[in-house]
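Secondary and tertiary structure notes
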Amino acid sequence: MPKSRKNKHAKHNNHWKRARMVSDNIIMETRESWYDIAGGGLELKARHKSHGMPLRSVDIEAIKKLMLNWRVRVLIYCKAPDGTRYTEERELITAERCKLPELDDFFKSQKKDALQSVNHTHVFDTGFIAETLTDAERDRLRNPEAA
């Protein structure tokens, strides 16, 4: 009996495997002004840290299901009456591994704190930039004196 042959392309199209490979090297960014009412969610711009290339949508969908460490920068975009633009930024490291969709709740809770430090009449947009971290990077950033 002949051995069954696997599809040669199957290993090249394994989105889980690819997502795991790129998961330690991505940055995702969103702003509330990018909210898609028709689609019912925030639009994410995702790219590789090292070379800046955008991620494919299939990679993003697979990455949404992975438990990862994140460095989150909460951004409050402001514009003063004289036209001067400035950004209030808070950088946080997630305490535990979490999935990308859970960052939305994390962002909303941290945004409230960040909004208290700026003049509310100057705020025109908010957003976050989420960057994946390896376990070692997370530990080093959370405990710099231990490194």
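What about the side chain of Thr-126?
Locating Thr-126 in the fold gives a position in strand β5 (residues 123-133). Thr-126 sits in the buried class, given a relative accessible area of 5%. Contact partners of Thr-126, with chain neighbours within four places excluded, come to Arg-31, Glu-32, Leu-75, Ile-76, Tyr-77, Phe-107, Lys-111 and Leu-115.

Some details on the packing of aromatic side chains
The relation between two aromatic rings is expressed through the spacing of the ring centres and the mutual angle of the planes. Summed over all chains, the structure comprises one aromatic pair. Between Tyr-77 and Phe-124, the ring centres sit 6.4 Å apart and the planes meet at 45°, which makes this aromatic pair tilted. Here Phe-124 lies in strand β5 and Tyr-77 lies in strand β3 (residues 69-79), a separation of 47 residues in the sequence.

Quick notes on the pattern of salt bridges
Scanning all chains against the criterion turns up five salt bridges. As a salt-bridge pair, Lys-111 and Glu-32 come within 2.5 Å of each other at their nearest N and O atoms. Separated by 79 residues along the polypeptide, Lys-111 in helix α3 (residues 102-115) and Glu-32 in the loop between β1 (26-31) and β2 (45-48) bring together distant segments of the chain. Residue class for Lys-111 comes out buried when judged on its relative accessible area of 16%.

Considerations on the pairing of β1
For β1, the buried fraction is high: five of the six residues fall into the buried class. As defined by bridge partners, β1 adjoins β2 across four bridges and the pair is classed as antiparallel. The residue bridging Ile-27 from the neighbouring strand is Arg-47, located in β2. Taken together, the five bridges between β1 and β5 define a ladder with antiparallel strand orientation. Looking across to β5, one finds that Glu-29 is bridged to Ile-129.

Considering the pairing of strand β4 (residues 85-93)
Note that β3 and β4 share nine bridges and pair antiparallel. Bridging across to β4, Arg-71 finds its partner in Ile-93.

With respect to the nonpolar core
Of all hydrophobic cores here, the largest spans 22 residues; its most connected members are Met-28, Leu-55, Ile-63, Trp-70, Ile-76 and Leu-103. Elements represented by at least two residues in this core include exactly β1, α2 (57-63), β3, α3 and β5. Leave out the neighbours within four places in its chain, and Ile-76 touches Tyr-86, Thr-87, Glu-88, Lys-111, Ala-114, Leu-115, Val-118, Val-123, Asp-125 and Thr-126.

Section: α3
Structurally, the α-helix is built with 3.6 residues per turn, so residues lying three or four positions apart point the same way. Its 14 residues give α3 an end-to-end C-alpha distance of 20 Å, which sits within 8% of 20 Å, the value for a rise of 1.5 Å per residue. Buried positions along α3 lie against β3, β4 and β5.

A short note on the side chain of Asp-125
Within the secondary structure layout, Asp-125 lies in strand β5. The buried charged residue Asp-125 lacks any salt bridge, with Arg-31 as its nearest oppositely charged partner at 4.4 Å. At 3.5 Å, the side chain of Asp-125 forms a polar contact with the backbone nitrogen of Glu-32.

Some details on the confidence of the model for the protein
On average, the protein scores 77 in pLDDT, and the residues at 70 or more come to 76%. Helix α1 (residues 15-22) is the least confidently modelled element of the protein, averaging 66 in pLDDT, while β3 averages 89, the highest of any element.

Structural notes on the sheet that holds β1
Strand order in the open sheet formed by five strands is β2-β1-β5-β3-β4, and the pairing between neighbours is antiparallel. The open sheet has two free edges, formed respectively by β2 and β4, since each of these has just one partner strand. With direction set aside, neighbouring strand axes in the sheet form an average angle of 20°. Docked against the sheet, α3 engages β3, β4 and β5, running at close to 45° with respect to β3.

Criteria and cut-off values
Residues numbered from 1 in each chain as written. Predicted model: local features only at pLDDT ≥ 70, side-chain atom pairs only at ≥ 80, totals over all residues. Heavy atoms only, no water. Helix = DSSP H or I, 4+ residues; strand = E, 2+ residues; numbered from the N terminus. Buried < 20%, exposed > 50% of the residue type's maximum accessible area, 1.4 Å probe, protein only. Contact = heavy atoms within 4.5 Å. Phe/Tyr/Trp six-rings, centres within 6.5 Å; stacked < 30°, edge-to-face > 60°. Salt bridge = Lys/Arg side-chain N within 4 Å of Asp/Glu carboxyl O. Pairing = 2+ DSSP bridges. Core = buried A, V, L, I, M, F, W, Y, C linked by side-chain atoms within 4.5 Å. Expected span 1.5 Å × (residues − 1). Lys, Arg positive; Asp, Glu negative; His and termini not counted. Polar contact = N/O pair within 3.5 Å; in protein donor to acceptor, adjacent residues only side chain to side chain. pLDDT = per-residue confidence, 0-100. Axes fitted to C-alpha atoms, helices over the stretch in contact; angles between N-to-C directions.

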